[in-house]
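The residues making up each chain are set out below.
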Amino acid sequence: MKKARKLAKVRRRFYRPEQHTCPDCQRRLRRAVTLSERTVITLGEVIKLIHAGYRCPNGQCATPGRTYRSAAADALALPGFTFGLDIVLLVGRLRLREHQTVDEIHQELLKRLEPLGVRIARREILYLFEAYCTLLRASSEAKDDQEWLAQEKNGGIIVSVDGIQPEKGNETVYVVRDALTGRVLAAENVTSSETAVMKALLAPVVALGVKVLGTISDAQESELLAVQELWPEVPHQVCQFHVLRDASKTAFEADKQVKTAMRKRLQPKVREVRKQIKKHLVTASPKARQTARGAR
Ligand SMILES: [Zn+2]
């Protein structure tokens, strides 16, 4: 008999641009289109993703046709792929670093995805490996992509840098994107995240000679420095997702410490009060005892 297939646990997520206001006229951006509505499978979860594009609502604005995307949504998966970028990177590493065969990678992924209730076909491994190779070639292709280079509608690009480490302890793949079109501009496997390495990673983007309207990165210092040195005049934004995640971490720790400290200070006092109440209950008159009980 056929075994009942375990259903995937799907998490719904809504993504909007990191940019909230129009850089030209400062008006609040408004939701204009649904850029994609699809399922993305990562190593950690299955996401039902809704990616909304926002535009400036001001009809007199210089760039009303510019659509703002979410860099975080684009970082999840390559366009047209259901399996996430983290899985693409894992396949690339298993194939090239660990020299695993397609069958071995297939088995490993089946195992890794099983807790999510997801299966993967063997031929999918081949597609994912191809995607990995294409991704690492992306920078050389961007400069030959005339159609993309000629997009005057946006008046430039917003450079987003995202470091993805599919597994702790392994190398990080940095993906550089145009946050306005989602196009990958550069991607590199790096083992060090020094500012010089970051600058080298961004060099092909500088070489494109396209106007850079803004930059988005996570709060990693070397990334910030590289971006600042390359485009000193350009507004920079730290990706909210990373900021919120990092901020909540310290807040959570601080909260925990306060709670522990409070408990330590209060506990002896509470104990003392409890003892006193007990003593009073024994010595008090029956009537007072009743009132004390009622108040409890
Ligand atoms: Zn505007």
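This is a predicted model, so every value here is computed, not measured. (Residues numbered from 1 in each chain as written. Predicted model: local features only at pLDDT ≥ 70, side-chain atom pairs only at ≥ 80, totals over all residues. Heavy atoms only, no water.)

1. Notes on the overall build of the protein chain
As a reminder, the rule being used: In this text, helices come from DSSP runs of H or I with a minimum length of four residues, and strands from runs of E with a minimum of two, each type numbered from the N-terminal end. Between buried and exposed lies partly exposed: a residue is buried under 20% and exposed over 50% of the maximum accessible area for its type, with that area taken using a 1.4 Å probe on protein chains only. Contacts are assigned to residue pairs with any non-hydrogen atoms lying within 4.5 Å of each other. Each accessible area is a Shrake-Rupley estimate made with a 1.4 Å probe; only the visible protein chains count as cover when residues are assessed.
Scanning the protein chain from N- to C-terminus turns up 10 helices and 8 strands. Burial analysis of the protein chain (296 residues in total) assigns 40% to the buried set. Sequence separation of 24 or more characterises 59% of the internal contacts of the protein chain that already satisfy a separation of 6 or more. For the protein chain, the exposed area adds up to about 17,900 Å²; of that, 53% sits on carbon and sulfur atoms.

2. Remarks on helix 7 (residues 195-207)
Defined as follows: In this scheme, a helix's expected span is set at 1.5 Å multiplied by one less than its residue total. Note on bend: the value at a residue is the angle between axes fitted to the seven residues ending there and to the seven starting there.
Between its terminal C-alpha atoms helix 7 stretches 18 Å, which fits the 18 Å expected from 13 residues at 1.5 Å a residue. The largest bend along helix 7 measures about 35 degrees and falls at L201, with the proline P204 one to four residues further on. Taken as a whole, helix 7 has its buried residues at T195, M198, L201, L202 and V205. Of the surrounding elements, those touching the buried residues of helix 7 are strand 4 (157-164), strand 5 (172-178), strand 6 (184-190) and helix 8 (221-230). Downstream of helix 7 by one or two residues, G209 has phi in the positive range, about 70 degrees.

3. Notes on a positive patch on the surface
For clarity, the threshold we go by: Patch members must show over 30% relative accessible area and no salt bridge, and they are joined within 9 Å when carrying like charges or within 5 Å when they are nonpolar side chains of Val, Leu, Ile, Met, Phe, Trp or Tyr. By definition here, a salt bridge exists when the distance from a side-chain nitrogen of Lys or Arg to a carboxyl oxygen of Asp or Glu is within 4 Å. We score Asp and Glu as negative and Lys and Arg as positive, and we do not count His or the chain ends. Just so you know, the charge point we use is NZ for Lys, CZ for Arg, CG for Asp and CD for Glu.
Together, R271, R274, K275, K278 and K279 make up a region of like positive charge exposed at the surface. Relative to the assigned elements, K278 resides in helix 9 (residues 240-283).

4. Examining the packing of helix 3 (residues 102-113) against helix 4 (residues 122-136)
Formally: Whenever a helix is involved, its axis is fitted only over the stretch in contact; in every case the axis is a line through C-alpha atoms, and angles between N-to-C directions fall within 0 to 180 degrees. Roughly parallel covers angles under 35 degrees, roughly antiparallel covers those over 145, roughly perpendicular covers 65 to 115, and oblique covers all other angles. Under the grouping applied here, Gly and all other residues not named as nonpolar or charged are polar, the nonpolar ones being Ala, Val, Leu, Ile, Met, Phe, Trp, Tyr, Cys and Pro and the charged ones Asp, Glu, Lys and Arg.
Where helix 3 meets helix 4, the axes come as close as 9 Å, and the angle between the chain directions of the two elements is 105 degrees. Looking at the two axes, helix 3 sits roughly perpendicular to helix 4. Judged by residue contacts, V102, D103, I105, H106 and L109 of helix 3 engage R122, I125 and L126 from helix 4. Of the residues contributing to the contact of helix 3 with helix 4, the split by class is 5 nonpolar, 1 polar and 2 charged.

5. Concerning the nonpolar core
Selection rule: To qualify as a nonpolar core, a set must consist of buried Ala, Val, Leu, Ile, Met, Phe, Trp, Tyr and Cys residues joined through side-chain atoms within 4.5 Å.
Counting 31 residues, the largest nonpolar core has F83, I87, L109, L113 and I120 as the members making the most contacts within it. The dominant element in this core, judged by the number of residues it contributes, is helix 2 (residues 85-96), at 7 residues. The residues contacting I87, other than those within four sequence positions of it, are I41, T42, L43, L109, L113 and L128.

6. A look at the sheet that holds strand 3 (residues 46-55)
In plain terms, the rule: In this analysis, strands are considered paired if DSSP registers two or more bridges between them.
Strands sit in the order 1-3-2 across an open sheet of 3 strands; the sheet is mixed. Either end of the sheet is taken by a strand with one partner, and the two such strands are strand 1 (10-15) and strand 2 (30-41). Mean inter-strand twist for the sheet, computed between neighbouring axes without regard to direction, equals 15 degrees. Across 6 bridges, strand 1 lies against strand 3 in parallel orientation. Bridging from a neighbouring strand, R13 pairs with L49 of strand 3.

7. Some details on the pattern of salt bridges
Under the defined criterion, the tally for this structure stands at 10 salt bridges. A salt bridge links K48 to E37, with the shortest nitrogen-to-oxygen separation between them at 3.9 Å. With K48 in strand 3 and E37 in strand 2, the pair connects residues that are 11 residues apart, well separated along the chain. We classify K48 as partly exposed; its relative accessible area is 24%.

8. Quick word on the packing of aromatic side chains
Short version of the rule: Classification of ring pairs rests on two measures: the distance between centres of Phe, Tyr or Trp rings, Trp counted by its six-membered ring, which must be within 6.5 Å, and the angle between planes, read as stacked under 30 degrees, edge-to-face over 60 and tilted in between.
Counted according to the given criterion, the structure contains 1 aromatic pair. On the basis of an interplanar angle of 15 degrees and a centroid distance of 6.4 Å, the ring pair of F129 and Y132 is categorised as stacked. Of the two residues, F129 and Y132 are both situated in helix 4; the distance of 3 residues between them amounts to about one turn of the helix.

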